[in-house]
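# What the coordinates show
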Amino acid sequence: AAAVAALGVPVYLASGARGLLGPASGLQVRHHRRKALREADLVLLAGVPADFRLDYGRQIGRRAAVVAANLSQQEMRLNRKPDLAAWSHPGLFLVELARAAERADRGRWSAWREALAARDAVRDDEIARMAAEPADAGVDPLALCREIDRAMADDAVLVADGGDFVATASYTLRPRAPLAWLDPGPFGTLGVGGGFALAACLARPGREVWLLWGDGSAAFSLAEIDTCARHGLAPICVVGNDAGWMQIAREQVEVLGDAVGTELAATDYHRVAEGYGGAGLEVERIEDVPAVLAEAKRLAAAGRPVVVNARLGKTEFRKGSISM
């Protein structure tokens, strides 16, 4: 983090690197990554392969010089061959690069940073407006995630396990510190949530652990509430319950005209948690969310694992976000 700050370059953080620069860094950019990568004249991929997340390297402009630092020689050259390949730990590479550039004029990038920050501000305003619009029924997921961000402690650890709901959270939640975000990784391996939350509670005793579950992914590891209750571990689990595999349904229904395989029951996940010995809370209106989250924090602080079953309304926020 200190090396990145010393370099003074704008930064996009991915996957486990979320939170590296804290919640309010002037260097971190969160929106319009594709556009920024097309405009950049130099792109440094620090531990990030040019996989599907970067459209197999096509998001980066053709004229840009690409530097890749990676422990994996294969991932370093995946899909798009870098102009400079550094087979090394990407963190140590950044540290050495910062040392080598101690006397560089960082002011030369100020206009570039300001342009990206201005775009971010516009997008953040758009998201705030969308979150303020009433959902057709139930809780708007954008508004819910903004309330979670307000409720989280400064030392909170976030575990994300889901599709549509978790992707919405990635636009709005701001991890507080390095190593404070765990997610399914580049392959989207659903089902890691329960185990990751258990591990986070054990590895970071005394810190708030928030588990964000999609309703589809929750089914893979909801039984770990039993483990938490038996061992005195108390994550706060929020289930974004939209009664479907929504990330898939968004495009499948539009492209194929069929919702087969994407529909789920609007299950009472909070009651399932109670059956396992945890606490269960339900919320159906956005105006009730702050009080429900406050109660969840109180219960978790007292040592009980909590599941908040948030009944989500329909939203078009992520329409067109997945390729088929």
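Residues numbered from 1 in each chain as written. Predicted model: local features only at pLDDT ≥ 70, side-chain atom pairs only at ≥ 80, totals over all residues. Heavy atoms only, no water.

### A closer look at the pairing of strand β4 (residues 157-161)
Of all five residues that make up β4, five are buried, and the element is covered over most of its length. With five bridges joining them, β4 and strand β6 (residues 209-214) adopt parallel strand pairing. From the neighbouring strand, Ala 160 faces β6, where its bridge partner is Leu 212. Where β4 lies against strand β5 (residues 181-182), two bridges are found, and the strand directions are parallel. Paired with Leu 158 across the strands is Trp 181, a residue of β5. (Buried < 20%, exposed > 50% of the residue type's maximum accessible area, 1.4 Å probe, protein only. Helix = DSSP H or I, 4+ residues; strand = E, 2+ residues; numbered from the N terminus. Pairing = 2+ DSSP bridges.)

### Quick look at the pattern of salt bridges
The full count for this structure, using the stated rule, is 18 salt bridges. Two residues, Arg 34 and Asp 55, come together in a salt bridge whose shortest N-O distance is 3.9 Å. A residue pair is termed long-range when its members are at least 10 positions apart, and Arg 34 in helix α2 (residues 33-39) and Asp 55 in the loop between β1 (42-46) and β2 (65-70) qualify at 21 residues. When its relative accessible area of 43% is taken as the criterion, Arg 34 is described as partly exposed. Between Arg 285 and Asp 288 there is a salt bridge, with its nearest N and O atoms 3.0 Å apart. Residue Arg 285 is classed as partly exposed on the basis of its relative accessible area of 45%. When its relative accessible area of 28% is taken as the criterion, Asp 288 is described as partly exposed. Salt bridges here are not isolated pairs; linked through shared partners, they connect Asp 268, Arg 271, Glu 282 and Arg 311. (Salt bridge = Lys/Arg side-chain N within 4 Å of Asp/Glu carboxyl O.)

### Overview of the nonpolar core
Grouped together as the largest cluster of nonpolar side chains are 32 residues, with contacts concentrated most on Leu 144, Ile 148, Trp 210, Leu 212, Val 238, Val 306 and Val 308. At the level of secondary structure, the elements contributing two or more residues to this core comprise α6 (141-151), β4, α7 (164-172), β6, β7 (236-241), β8 (279-283), α13 (289-301) and β9 (306-311). Considering each element in turn, this core owes the most residues, six residues, to α13. If we skip the residues at most four places from it in the chain, Val 308 touches Cys 237, Val 238, Val 239, Leu 281, Val 283, Val 292 and Ala 296. By size, the runner-up hydrophobic cluster in this structure holds 19 residues, among which are Cys 201, Ala 218, Leu 233 and Cys 237. (Core = buried A, V, L, I, M, F, W, Y, C linked by side-chain atoms within 4.5 Å. Contact = heavy atoms within 4.5 Å.)

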